[in-house]
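Here is how the chains run, residue by residue.
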Amino acid sequence: MDIIQEVEAILGYGDTCNHCLGRFFGKRSFSLTNEERGRALRIAHEIAANEPHHEPDPDSCWVCAGELSRTEDWAKRVIEALDGIEFSTFLIGTKVPPLVAESEEMVWSDLSLRDPEPLKAEMNREVGKAVSALTGKTADLKKPDVVAILDLGEGTVEVQVNPVFFSGRYMKYERGIPQTHWDCRACRGAGCEKCDFTGKQYADSVEELIGRPAIEAFDAENAVLHGAGREDIDARMLGSGRPFVMEIEAPRKRSLDLAALEAEINQAADGRVAVHLDGWTDRKMVQSLKSDKAHKKYRILVEIDGSATPDEFRTALDQLKGVTIRQRTPLRVSHRRADKVRERRVLDIGCTGTEGDRYWVEVVGEAGLYIKELVSGDGGRTQPSLAQILGRTASVVSLDVVLVKTANEYGE
Ligand SMILES: [Zn+2]
Ligand SMILES: [Zn+2]
């Protein structure tokens with residue numbers, strides 16, 4: 001079949017608008033709209049058949065029922081749906097009713113057409129061009145700020161607002177604050193008397209202390225904290241802080257002054273938590289943060305049952321320096337983590353002073369080293385341990401993280 005015969009066969013299915021006629025050959029030739037292709041092919045066919053010119057009524061098109069002549073209207077609906085949402089890039093998507101998609105696919109296969117374009121692709125492109133023209137904003141296929149989905153069957157536009165991400169480091173100066181929100185254990189978040197109907201096990205988390213002012217500033221739905229590891233609830237996070245990325249979900253504002261936001265967060269957190277914000281980032285950074293094996297430095301206060309002389313104590317610490325520790329999942333977390341044995345190295349350990357008959361100790365460990373168990377031995381589940389070497393019961397009275405160094409910072 002030559003192309004004129006193909007056009008004749010297509011027109012035999014029913015009234016076909018120029019958009020839809022042209023789209024059956026949509027991947028042939030460049031710099032033409034499907035409407036231009038369709039008009040040219042229609043006229044070529046009429047000349048070949050020596051028939052009078054017939055301009056079709058788009059609304060009676062058997063494929064699209066005129067939808068492709070209403071792209072301007074769709075663009076206006078998109079702009080209405082995006083009202084009040086800040087964005088500089090967008091993407092249009094289209095939900096095509098199955099019957100419509102099947103109609104054009106039937107013609108492709110009946111006639112073995114080689115270069116057709118689906119209706120969805122033309123709709124996305126033409127409405128995108130119209131939105132661009134009306135708003136001056138740019139279409140972006142890869143990382144749009146917002147996505148508008150046209151539902152051709154329902155005649156509606158659904159908007160998805162993509163998240164923004166910023167990175168920084170946080171310090172936690174108060175013990176008893178978890179890194180992220182925990183559901184109440186009694187009601188699993190539904191709200192009960194035990195949790196004062198908040199649904200939360202702890203009143204605040206680092207995530208919420210940073211997130212609340214951020215949600216307000218971005219006029220967003222939610223804020224999710226992605227940390228480079230986490231400290232225990234009862235540990236402080238001191239020094240230069242822990243790297244994190246904050247994901248702001250469905251923000252209606254995107255171009256904020258992060259220095260001002262940092263000040264607002266720090267004021268609202270009132271010294272319990274503080275942040276330094278580094279700048280804007282993206283989801284890739286979350287993945288690298290999560291996969292990053294950060295080395296951590298802890299400062300702990302150690303209590304020994306009975307006494308150990310400072311010399312005995314230091315000698316015992318020296319025996320842990322550079323040593324690989326075998327740790328079976330600690331009893332205190334065994335209810336929520338798989339029971340397994342893992343090996344982590346103590347990179348450095350040393351005594352930095354005393355407080356009464358307790359010792360201040362600084363430990364640098366590989367990511368994932370359990371520090372409390374390194375000291376206590378966890379009933380033999382961690383080996384070797386300080387308690388084992390001393391032959392006495394030993395425990396951590398307080399624990400602070402004083403430095404988190406990511407592999408990136410080491411240049412590894
Ligand atoms: Zn049509
Ligand atoms: Zn509850």
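Being a predicted model, the structure only gives us computed values, none of them experimental.

Rules used throughout
- Think of each chain on its own: its residues are numbered from 1, step by step along the sequence as written.
- Chains carry letters from A onward and ligands carry numbers from 1 onward, assigned in written order.
- Residue-level local features of this predicted model are given only where pLDDT is at least 70; pairs of side-chain atoms are given and counted only at 80 or more, and the full residue set underlies all totals for whole chains, interfaces and linings.
- Values shown for side chains rest on all heavy atoms present in the structure; no hydrogens or waters enter the calculation.
- Strands are labelled as partners when DSSP assigns at least two bridges between them.
- For helices the rule is a DSSP run of H or I covering at least 4 residues; for strands it is a run of E covering at least 2, with both sets numbered from the N terminus onward.
- The salt bridge criterion pairs a side-chain nitrogen of Lys or Arg with a carboxyl oxygen of Asp or Glu, the two atoms within 4 Å.
- Remark: exposure states derive from per-residue accessible area (1.4 Å probe, protein chains only) relative to the maximum for the residue type, with buried under 20%, exposed over 50%, and partly exposed in between.
- A pocket here means an open set of points on a 1 Å grid, computed over the protein atoms alone, that has protein on both sides within 12 Å along at least five of seven lines. A cavity is instead a set of points where a 1.4 Å probe fits but cannot get out; residues with an atom within 4 Å of a point line either one.
- Grid points are joined across faces, edges and corners, and a volume is the space filled by probe spheres set on the points.
- Side-chain classes follow a simple rule in which Ala, Val, Leu, Ile, Met, Phe, Trp, Tyr, Cys and Pro form the nonpolar group, Asp, Glu, Lys and Arg form the charged group, and the remainder, Gly included, forms the polar group.
- UniProt positions are given in the numbering used here, feature names are shortened, and annotations may be inferred rather than shown by experiment.
- Note on contacts: a residue pair is in contact if any heavy atoms of the two residues lie within 4.5 Å.
- Donor atoms (N, O, S) are those found within 2.8 Å of the metal centre, with the cutoff raised to 3.2 Å for Na, K and Ca; water is not part of the atom list, so apparent gaps in a site can occur.
- All geometry calls rest on donor angles, where a four-donor set with angles between 85 and 135 degrees is tetrahedral, four- and six-donor sets with opposite donors more than 155 degrees apart and all others between 65 and 115 are square planar and octahedral, and all else is irregular.

## A look at the pairing of strand β11 (residues 341–355)
Here five bridges tie strand β10 (residues 324–328) to β11, and the two strands are oriented antiparallel to one another. Across the sheet, the residue bridging to glutamine 327 is arginine 342, located in β11. Here β11 runs beside strand β12 (residues 358–365); their pairing, made up of eight bridges, is antiparallel. Looking across to β12, one finds that valine 346 is bridged to glycine 365. Count of turn residues in the β11/β12 antiparallel hairpin: two residues, of which glycine 356 carries a positive phi of about 65 degrees.

## Some details on the pattern of salt bridges
Counted according to the given criterion, the structure contains 35 salt bridges. In this structure, a network of salt bridges that share partners links the residues Asp232, Asp234, Arg332, Lys372 and Glu373.

## So, unusual backbone geometry
Glutamine 383 connects to proline 384 through a cis peptide bond whose omega is -10 degrees. Relative to the helices and strands, proline 384 resides in the loop between β13 (382–383) and α12 (386–390). The phi dihedral of alanine 65 falls on the positive side, at around 50 degrees, and the residue is not glycine. As for its position among the elements, alanine 65 is in the loop between α3 (34–49) and α4 (71–81). Judged by relative accessible area, which is 39%, alanine 65 ranks as partly exposed.

## So, the layout of surface pockets
Each pocket or cavity is described by its volume, and for the largest pocket that value is around 1000 Å³. Around the largest pocket, the lining comprises 39 residues; the ones closest to its centre are Gly229, Arg230, Glu231, Lys296 and Arg337. Mapped by element, the contributors of at least two residues to the lining of the largest pocket are β6 (222–227), α9 (283–291), β9 (295–304), β11, α11 (371–376) and β14 (394–405). Of the residues that constitute the lining of the largest pocket, the class distribution is 17 nonpolar, six polar and 16 charged. When its volume is computed, the second largest pocket comes out at roughly 390 Å³. If you trace the second largest pocket, you find 14 residues lining it, with Lys143, Pro163, Phe165, Thr281 and Asp282 closest to the centre. Listed by contribution, the elements that provide at least two residues to the lining of the second largest pocket are β5 (164–172), β8 (273–281) and α9. Broken down by element, the residue count for the lining of the second largest pocket peaks at three residues, all from α9.

## Thoughts on the UniProt feature "binding site: substrate" (unreviewed entry) in the protein chain
The feature "binding site: substrate" (unreviewed entry), as given by UniProt, occupies Tyr298 and Tyr370 in the numbering adopted here. Separation in sequence by 73 residues is not matched in space for these annotated residues, since their most distant C-alpha atoms are only 10.8 Å apart. Residues that both appear in the annotated list above and line the largest pocket are Tyr298 and Tyr370. Mapped onto the elements of the fold, tyrosine 298 is located in strand β9. In this structure tyrosine 298 touches Val361, Glu362, Val363, Leu369, Ile371, Leu399, Asp400, Val401 and Val402, once residues within four positions along its chain are discounted.

## Let's talk about the coordination of the zinc ion (ligand 2)
Around the zinc ion (ligand 2), the protein contributes the donor atoms Cys184 (SG), Cys187 (SG), Cys192 (SG) and Cys195 (SG), at 2.3 to 2.4 Å from the metal centre. Of note is the zinc ion (ligand 2), whose four donor atoms meet at the metal with angles of 100 to 112 degrees in an arrangement that counts as tetrahedral. Mapped onto the sequence, the residues coordinating the zinc ion (ligand 2) show the spacing C-x2-C-x4-C-x2-C. Exposure remark for cysteine 187: the relative accessible area of 15% places this residue in the buried category.

## Thoughts on the UniProt feature "active site" (unreviewed entry) in the protein chain
Within the UniProt annotation, "active site" (unreviewed entry) is assigned to Asp232. Inspection of the secondary structure assignment puts aspartate 232 in the loop between β6 and β7 (236–249). According to the relative accessible area criterion, aspartate 232 is partly exposed, its value standing at 28%. Once residues lying within four places of it in the same chain are set aside, the contact partners of aspartate 232 are Lys172, Arg332 and Lys372.

## Details of the pairing of β10
Residues Ile325 and Gln327 point to one face of β10 and are all buried, whereas Thr324, Arg326 and Arg328, pointing to the other face, are not buried. Bridging between β10 and β13 involves two bridges; their strand directions are antiparallel. The residue bridging glutamine 327 from the neighbouring strand is threonine 382, located in β13.

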